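# Fold and contact review
One-letter residues, chain by chain:
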Amino acid sequence: MNDPFTANSPLNAPSGTPRDSGHASLFATALSQFERGADLVDLPDDLRSILSQPKNEIIVNFPVKMDDGRYRVFRGYRIQHSNLLGPYKGGVRFHPMVDLDEVKALASWMTWKSALCEVPFGGAKGGISFDPTALTTGELERVVRRFTHALGSNIGPDHDIPAPDLGSNAQSMVWMMDTYANSTGAAERQNVKRIVTGKTLETGGSPGREKATGQGVVFCLQHWADEVGFDLAGATVSIQGFGNVGSATGRILQVHGAKVVAVADHAGAITDEDGIDAFELTDWVREHGSVAGFPGAMWIDPDDYWAVPADVLVPAALENQVTMDNVAQIQAKVVVEAANGPTTPDAERALAQRGTEILPDILVNAGGVVVSYFEWLQNRSAQRWDLDDVDHKLRDTLWRACDAVVDIREELEVASRRDAAYAVALRRLRVVYEQRGIFP
Ligand code: GLU
């Protein structure tokens, strides 16, 4: 067997390279959004500089024994952006594109999301740069456990609480919880379930957490539809990305009478003007890993996906998907950002110029962290809420945030709902900074 740690071993190179210069910086996009919001609420300069960088940037390189007996070194990140309003909170992403720039952007978005929804958490995000689908279950488990161990006391049930994100899921959270619990003293072991949220129901997860982000997307869309007089029943919907968030959004919208007419994912795109059954497609994707080959729709060239007419476009995959390359083809009345950062700044300007509405990510996809908060509360008090209760509380929380965005748009006379959402979040953070000051 090769010595896995010799200098010329390919296994010795940490997975993940810095974002190459051809890629726009996602953190630069996040910062420009932040600056616009900060201008709107006259955020003082000192607060701008504090909030424009994460508080902590943790990078861990750790080895994992693969099934063939060799070692592979993985690179993991945990970026803690702000803990002003409460413990750091945010998901962990498993994807080959994960890098420092991306995780910094995602961490800052968590801060604004929680502030906007009055969830008493700060913002964080983590990730490991690798393709989880290329590993066996055993390898994946060892990656997750070693990552948790490498983070050590940088995470904690009242300090920094991870959750699922792209590529990770409830099972990953259970492994994280179990690893963390086994690293604490016996007296603490039963009291650390809330170290992660998004767990399976059996291990302390919350009813409604799995569909929470998609459910939240629909609540926000309903609020907007009500405000502008748009009829969701009978509306046509196009969904890009059919993982946890995209599929839940599709199923719930279908129950509300909307029609899913196009879906795209990493493998390709499908369409059916009579409607694609989102429940059947969910089962198909679970079994086959993508929309490819789904018998209930027509296969189209992925380049033609954006031009399929639909009233509502839901980007629910990765960042930087709605770009200058496809924005001219998009015919939707409203773009609902179920993903984080799916619209590039120039595409956003193009959409705004022609009057297409954008419901911004920090509002629209906040359902995940809201129900994570409910899960954390249930774990802390050893309770189990029922699904109706969770859904009602989620709806009330998100509709309050939507109301705040509508109000501030009027007050500050601002057209962009993204700018308005930032203004709400930043105003709340400013008040707390003003009252708390900084130590010492
Ligand atoms: N990863 C999700 C997000 O981006 C959920 C985070 C959480 O529940 O903490 O909002």
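## Examining the packing of aromatic side chains
- As enumerated under the stated definition, the model contains 15 aromatic pairs in all.
- Ring centres 6.2 Å apart and planes at 80 degrees place the aromatic pair Phe219 and Trp399 in the edge-to-face group. You can see Phe219 sitting in helix 6 (residues 212–228) and its partner Trp399 sitting in helix 12 (residues 387–412), a full 180 residues away along the chain.
- Taking the relative accessible area as the measure of exposure, Phe219 reaches 8% and is therefore buried.
- Residue classification places Trp399 among the partly exposed positions, given a relative accessible area of 29%.
- With 5.1 Å between their ring centres and 70 degrees between their planes, Tyr305 and Trp306 make a pair best called edge-to-face.

## So, the side chain of Gln33
- One can find Gln33 in helix 1 (residues 26–40).
- When near neighbours in sequence (up to four residues on either side) are disregarded, Gln33 contacts Trp109, Arg418 and Tyr422.

## Here we look at the packing of helix 6 against helix 11 (residues 367–380)
- Between helix 6 and helix 11, the shortest axis-to-axis distance is 7 Å and the interhelical angle comes to 120 degrees. With respect to helix 11, the axis of helix 6 lies oblique. Two packed elements cross with a definite hand, and for helix 6 against helix 11 that hand is right-handed. From helix 6, Ala212, Thr213 and Gly216 reach across to helix 11, where they touch Gly367, Gly368 and Val371.
- By residue class, the composition of the contact of helix 6 with helix 11 is two nonpolar, four polar and no charged.

## Notes on the nonpolar core
- Core analysis: the largest hydrophobic core is formed by 85 residues, its most contacted members being Trp109, Trp112, Leu116, Leu221, Leu281, Val336 and Leu426.
- Examining the composition of this core, we find that nine residues originate from one element, helix 13 (residues 417–436), more than from any other.
- Discounting residues that sit within four places of it in the chain, Trp112 has contacts with Phe34, Leu51, His81, Ile362, Tyr422, Ala425, Leu426 and Leu429.
- Within the second largest apolar cluster, 26 residues are counted, among which are Val64, Val92, Ile155 and Met176.

## A closer look at the environment of Gly367
- Residue position: Gly367 is located in helix 11.
- Sequence spacing of Gly367 and Arg395 is 28 residues, and the spatial spacing of their C-alpha atoms is 8.7 Å.
- Not counting chain neighbours up to four residues away, the residues in contact with Gly367 comprise Ala212, Thr213, Gly216, Leu394 and Leu398.

## Digging into the sheet that holds strand 6 (residues 236–240)
- If you walk across this open sheet you meet the seven strands as 9-8-7-6-10-11-12, and the pairing is mixed. In the strand order of this sheet, the two ends are held by strand 9 (298–300) and strand 12 (357–359), each with one partner. Taking each pair of neighbouring strands and ignoring which way they run, the sheet shows an average axis angle of 20 degrees.

Cut-off values and rules
Residues numbered from 1 in each chain as written. Predicted model: local features only at pLDDT ≥ 70, side-chain atom pairs only at ≥ 80, totals over all residues. Heavy atoms only, no water. Phe/Tyr/Trp six-rings, centres within 6.5 Å; stacked < 30°, edge-to-face > 60°. Helix = DSSP H or I, 4+ residues; strand = E, 2+ residues; numbered from the N terminus. Buried < 20%, exposed > 50% of the residue type's maximum accessible area, 1.4 Å probe, protein only. Contact = heavy atoms within 4.5 Å. Axes fitted to C-alpha atoms, helices over the stretch in contact; angles between N-to-C directions. Parallel < 35°, antiparallel > 145°, perpendicular 65-115°, else oblique. Left-handed = near helix turned anticlockwise from the far one by under 90°. Nonpolar A, V, L, I, M, F, W, Y, C, P; charged D, E, K, R; others polar. Core = buried A, V, L, I, M, F, W, Y, C linked by side-chain atoms within 4.5 Å. Pairing = 2+ DSSP bridges.

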